[in-house]
Amino acid sequence: MTVNSGPGRYALFGHPVSHSWSPFIHGLFAKQFDHVVDYKLRDVEPGNFRHAVINFFVEGGGGANVTLPHKPAAAEIVNDLSARAERARAVNTIVRRSATELYGENTDGVGLVTDLTRNLGVSLTGSRLLILGAGGATRGVLAPLLEQEPREIRIANRTPERAMRLRDEFSDLGEVSASGFSEIDDRPWDIVINATAASLAGEVPELPPRVVGHDTVCYDMAYGRGDTAFMRWATERGSTRACKGWGMLVEQAAEAYLLWHGVRPATKSAMTALERL
Ligand SMILES: NC(=O)c1ccc[n+]([C@@H]2O[C@H](COP(=O)([O-])OP(=O)(O)OC[C@H]3O[C@@H](n4cnc5c(N)ncnc54)[C@H](OP(=O)(O)O)[C@@H]3O)[C@@H](O)[C@H]2O)c1
């Protein structure tokens, strides 16, 4: 694989994308190694995505991150996919092998697992894990979560059929079940991961009252300044461990940095810097 160690142009493609902290995070990583990295945001509408990405690499782009709504389209553009990205059918990191040969990876799942296990000290092995939402983010994290051998994963979604589709795609990797929100077992789960887009609107899905207990780790993939609506909701229901997804954001970025530059940055200082912001 080509590793770009010198100066280079990198970009995050999304729509919208202006809220992203990725340039800030990659800037902090670059400082650790005295790399000169030009990382820009590219707001591109779905109809222009393919053209914009191909142009970017033809013009010398070193690597790209991809966010909503383009991750599935990115999996169609690259020449080669990692096993994880192929499973997820979604790419969040594109690596340039040459101007005409692009490799696609999905670092979201390893980012989440690293944040949970290494940064937050949560053991996934043997746990009962509830995931809310069945969109691209859930698709991207299911295989890496199942690699940790939880006792069971329940996917619950507003549109239950989408959860059931994911269950059918991933149940060869472990114990996966699916339902709507109202059918979730009403007793405390070990870990509840909110992978719905509801937080972005300050909303929380309507869940049975006892899914969260004192020891339940409640992880909102969404992030932003202050506590998210899901974190507040979880704390009100007695959870003492409510967190948001900036650790996942930083860890998935560190994995992308490793793919592009051949070195994995330390992530603690980036997390502290985000906290200060
Ligand atoms: N921290 C990170 O690094 C990171 C990485 C990736 C994603 N994320 C976050 O993860 C979240 C999901 O992203 P995604 O890519 O999976 O989005 P997506 O593909 O658009 O899927 C959205 C999911 O949210 C559900 N949903 C939307 N509005 C809802 C509401 N009001 N009530 C209940 N459910 C609702 C949808 O249900 P239906 O199927 O019924 O429509 C679907 O399951 C976003 O907040 C995103 O920012 C964070």
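What counts, and at which threshold
- Per-chain numbering applies: the sequence of each chain, read as written, is numbered from 1 onward.
- This being a predicted model, a pLDDT of at least 70 is required before a residue's local features are given, and a value of 80 or more before pairs of side-chain atoms are given or counted; all residues contribute to the totals for chains, interfaces and linings.
- Computation of side-chain values: all heavy atoms of the structure, hydrogens and water removed.
- Put simply, a residue is near a molecule or strand once any heavy atom of it comes within 4 Å of that molecule or strand.
- For the purposes of these results, a polar contact is taken to be a pair of N or O atoms within 3.5 Å, where, inside protein, one atom must be able to donate a hydrogen and its partner to accept one; residues adjacent in sequence count only when each atom of the pair is a side-chain atom.
- Only the protein chains shown count as cover for residues, with accessible areas throughout obtained via the Shrake-Rupley method and a probe of 1.4 Å.
- Per the convention used, a helix needs a DSSP run of H or I reaching at least four residues, while a strand needs a run of E reaching at least two, with both numbered from the N terminus.
- Pairing between strands requires that DSSP locate at least two bridges from one strand to the other.
- Axes here mean lines fitted to C-alpha atoms, for a helix over just the part in contact, with angles spanning 0 to 180 degrees between N-to-C directions.
- By definition in these notes, contact holds between two residues if any of their heavy atoms fall within 4.5 Å.
- For the exposure calls, accessible area comes from a 1.4 Å probe over protein chains only, and a residue counts as buried if that area is under 20% of its type's maximum, exposed if over 50%, partly exposed in between.
- Note on aromatic contacts: the rings of Phe and Tyr and the six-membered ring of Trp form a pair at centre separations within 6.5 Å, being stacked when their planes are under 30 degrees apart, edge-to-face when over 60 apart, and tilted otherwise.
- In our convention, an over-ring charge means Lys NZ or Arg CZ found within 6 Å of a ring centre and within 35 degrees of that ring's normal.
- Salt bridges are counted wherever a side-chain nitrogen of Lys or Arg sits within 4 Å of a carboxyl oxygen of Asp or Glu.

Visitor: For the site of the ligand, give the residues involved together with the corresponding values.
Guide: Every one of the 24 residues lining the ligand counts as a neighbour, but Ala134, Ala137, Asn157, Thr159 and Arg162 are closest to it. Measuring from an oxygen atom of the ligand, one finds a backbone N or O atom of Gly136 at 2.9 Å. One of the backbone N or O atoms of Met221 is found 2.9 Å from a nitrogen atom in the ligand. For the ligand, the protein covers 82% of the area, taking 930 Å² as the surface of the free molecule. Those elements giving two or more residues to the shell around the ligand turn out to be α6 (136-147) and α9 (246-261).

Visitor: An account of unusual backbone geometry is needed here, citing residue identities and associated values.
Guide: That bond from His15 to Pro16 is cis: its omega, 0 degrees, falls within 30 degrees of zero. Relative to the assigned elements, Pro16 resides in the loop between β1 (8-14) and α1 (22-32). Note the cis peptide between Leu68 and Pro69, where omega equals 0 degrees. Here Pro69 is to be found in the loop between β3 (63-66) and α3 (71-77). Positioned with a positive phi, Arg89 is a non-glycine residue whose angle comes to about 50 degrees. You can see Arg89 is positioned in the loop between α4 (83-88) and β5 (93-98).

Visitor: Quick one: what's the story with the pairing of strand β12 (residues 241-244), residue by residue and with numbers?
Guide: With 4 bridges joining them, strand β11 (residues 217-220) and β12 adopt parallel strand pairing. Residue pairing across strands places Asp220 opposite Lys244, the latter belonging to β12.

Visitor: So what about the sheet that holds strand β10 (residues 191-194)? Which residues, and what values?
Guide: Taken in spatial order, the 6 strands line up as β9-β8-β7-β10-β11-β12 in an open sheet, and their pairing is parallel. Among the strands making up the open sheet, the edge pair consists of β9 (176-179) and β12. When strand polarity is set aside, the average angle formed by the axes of neighbouring strands in this sheet is 15 degrees. Across 4 bridges, the pairing between β10 and β11 is parallel. Across the sheet, the residue bridging to Asn194 is Asp220, located in β11. In the packing of helix α5 (residues 108-119) onto the sheet, contacts are made with β10 and β11, and the angle to β11 comes to roughly 145 degrees.

Visitor: Which residues make up α6, and what values go with them?
Guide: Judged by how many residues are buried, α6 sits mostly within the fold: 9 of 12 residues are covered. Among all positions of α6, only Thr138, Arg139, Gly140, Val141, Leu142, Ala143, Pro144, Leu145 and Leu146 are buried. Count one or two residues on from α6 and you reach Glu149, which has phi positive near 60 degrees.

Visitor: Please set out the packing of aromatic side chains residue by residue, giving values where relevant.
Guide: If you walk through the whole model with that rule in mind, you get 10 aromatic pairs. Centroid distance Tyr10 to Trp260: 4.9 Å. Interplanar angle 35 degrees. Geometry classified as tilted. Residue Tyr10 is located in strand β1, and its partner Trp260 is located in helix α9; the two are separated by 250 residues in the primary sequence. Taking relative accessible area as the criterion, Trp260 reaches 0% and is therefore assigned buried. Among the aromatic residues, those joined into a cluster by ring pairs are Phe13, Phe49, Phe56 and Phe57. Between the NZ or CZ atom of Arg87 and the centre of the ring of Phe170, over which it lies, the distance is 5.5 Å. Above the plane of the ring of Trp246 lies Lys244, whose end atom (NZ or CZ) is 4.3 Å from the centre.

Visitor: Let's hear about the pattern of salt bridges: which residues, and what values?
Guide: When their charged atoms lie close together, side chains carrying opposite charge are able to pair. Applying the stated criterion across every chain yields a total of 15 salt bridges. We note a salt bridge from Arg97 to Asp80, for which the minimum N-O separation is 3.0 Å. You can see Arg97 sitting in strand β5 and its partner Asp80 sitting in strand β4 (residues 80-81), a full 17 residues away along the chain. In this structure Asp80 comes out as partly exposed when scored by relative accessible area, which is 31%. Through salt bridges that share partners, Asp80, Arg97 and Glu101 make up one connected network.

By themselves, these observations are geometric and do not establish any function.
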